[in-house]
Amino acid sequence: MQPTDSKRIPDPEMSQDEMKALQRQIADAACWQDTLSVNPEMIRWEPTETTKDTTQKTIDSSTSTTDIPNQDADETQPLVAGVDQAFRTEQSEVISAIVLTRGATVVDRIVAVTDLSIPYIPGLLSFREGGPILAAFEEISQKPDITMFDGSGRMHYRQAGLATHIGVVLDIPTIGVAKSLLCGTPESDTAQRPTGWQTQINADETVEDADTETVIGHALQTRQYDSRKIINPVYVSPGHRVSATTAVKITQALCDGYKLPEPTRRADAYADEIKREYSDN
DNA sequence: GCGACAG
DNA sequence: ATCTTGTCGC
């Protein structure tokens, strides 16, 4: 698919002031209300009910060990996309992967390898990774009903993190799931919480155009061990066309025993798989 | 100047 | 993000 808002594609050639100005435009165009193409309640990480199952599992041990795309998925289930990247530091290249799923079935996988120009700068992540991600979206077969990103959405200094930026440019519903907090203040202390626990993240003085009552996301404890070792929560924020509340619900529904939601995990594994193929050769 | 800072 | 062996626990 192609960008709907081609004038706002993150351009690494811009000056940092221009980047920030563009992010304010993105935040302005962003929608943090539920306008999904499907009922959010339908989004779940669940296997298709085994109806007339013709158990014929062709084992392609020659290729990948996991997630071999299966065309026979339940079309009534929402199409979920997970996006993540792997870096080839020495070569200054990024491998952007998108994994499409329905229920718990991987329907398709897309990968794009592109050059990396600007370094990572907190607050300007979309200008480093946005272009490469859009390159992968150009080759996507179907439009996802919801897309999960590694990073923030509205939980950002100018309320325009990676998930929001890509969401606005492609005009698709997106959610940002970050492993650490960029900005904002948790309503409650997030330390050592049980699985399923969550608290809202309020905007703080570092977030532009927002009062301290503005909820920019949530901290969500997606997993916790039964014993001593402690796992930190993930920070979920709406990207585009989803509310903060729905974003957490969807994220929770897409988790399956691990800290990170499945779409993200699959995309991460796929990007790593491709990266390995490069180093092996 | 000092501290904070998605991936 | 990435570099990496062993190691603690279920």
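Just so it is clear, the model here is predicted, and its values are computed rather than measured.

K.L.:
Please clarify how the protein's contact with DNA strand C should be interpreted in this entry.
P.N.:
The environment of DNA strand C is formed by Ala-86, Phe-87, Thr-89, Lys-179, Ser-227, Arg-228 and Lys-275. With respect to DNA strand C, the side chain of Lys-179 contributes an N or O atom lying 2.8 Å from a phosphate oxygen.

K.L.:
Would you explain the nonpolar core in this entry?
P.N.:
Soluble, globular proteins show a tendency: their nonpolar side chains are buried together. Grouped together as the largest cluster of nonpolar side chains are 21 residues, with contacts concentrated most on Ile-98, Leu-100, Ile-133, Phe-137, Phe-149 and Ile-166. Elements that contribute at least two residues to this core include exactly strand S1 (79–88), strand S2 (93–102), strand S3 (105–115), helix H2 (125–137) and helix H3 (162–170). In terms of residue count, the dominant contributor to this core is H2 (six residues). Each residue touching Phe-137, except ones within four places of it in the same chain, is listed here: Met-1, Val-83, Ile-98, Pro-144, Thr-147, Phe-149, Ile-166, Leu-170 and Ile-172. In this structure, Leu-36, Val-248, Leu-254 and Leu-260 belong to the second largest nonpolar core, which totals 17 residues.

K.L.:
What should I look at first to understand the pattern of salt bridges in this one?
P.N.:
Where charged atoms from two side chains of opposite charge come close, those side chains can pair. This structure, assessed with the given rule, holds nine salt bridges. Its salt-bridge partner being Arg-24, residue Glu-208 comes within 2.7 Å of it at the nearest N-O pair. Placement of the pair is Glu-208 in the loop between strand S7 (198–202) and strand S8 (215–220) and Arg-24 in helix H1 (residues 16–29), with a sequence separation of 184 residues. Among the residues examined, Glu-208 registers a relative accessible area of 26% and is labelled partly exposed. With a closest N to O distance of 3.7 Å, Arg-241 and Asp-171 form a salt bridge. Here the residue Arg-241 occupies a position in the loop between strand S9 (234–240) and helix H4 (244–253), and Asp-171 occupies one in the loop between H3 and strand S5 (174–178), the gap between them amounting to 70 residues. Its relative accessible area of 18% is what places Arg-241 among the buried residues. Looking at Asp-171, the relative accessible area reads 29%, which means it is partly exposed.

K.L.:
Would you take a moment to explain the UniProt feature "binding site: Mg(2+)" (unreviewed entry) in chain A for this structure?
P.N.:
Residues annotated by UniProt as "binding site: Mg(2+)" (unreviewed entry) correspond here to Asp-84 and Asp-150. Over a stretch of 67 residues, the named residues converge on one spot in the fold, their C-alpha atoms separated by at most 6.1 Å. Within the element layout of this structure, Asp-150 appears in strand S4 (residues 146–150). Dropping the residues within four chain positions of it, Asp-150 is found in contact with Val-83, Asp-84, Leu-162, Val-177, Lys-179 and Thr-264. A polar side-chain atom of Asp-150 sits 3.0 Å from a polar atom in the side chain of Lys-179.

What counts and what doesn't
- Residues numbered from 1 in each chain as written.
- Chains lettered and ligands numbered in written order.
- Predicted model: local features only at pLDDT ≥ 70, side-chain atom pairs only at ≥ 80, totals over all residues.
- Heavy atoms only, no water.
- Near = heavy atom within 4 Å.
- Polar contact = N/O pair within 3.5 Å; in protein donor to acceptor, adjacent residues only side chain to side chain.
- Core = buried A, V, L, I, M, F, W, Y, C linked by side-chain atoms within 4.5 Å.
- Buried < 20%, exposed > 50% of the residue type's maximum accessible area, 1.4 Å probe, protein only.
- Helix = DSSP H or I, 4+ residues; strand = E, 2+ residues; numbered from the N terminus.
- Contact = heavy atoms within 4.5 Å.
- Salt bridge = Lys/Arg side-chain N within 4 Å of Asp/Glu carboxyl O.
- UniProt positions renumbered as here; feature names shortened; annotations may be inferred.

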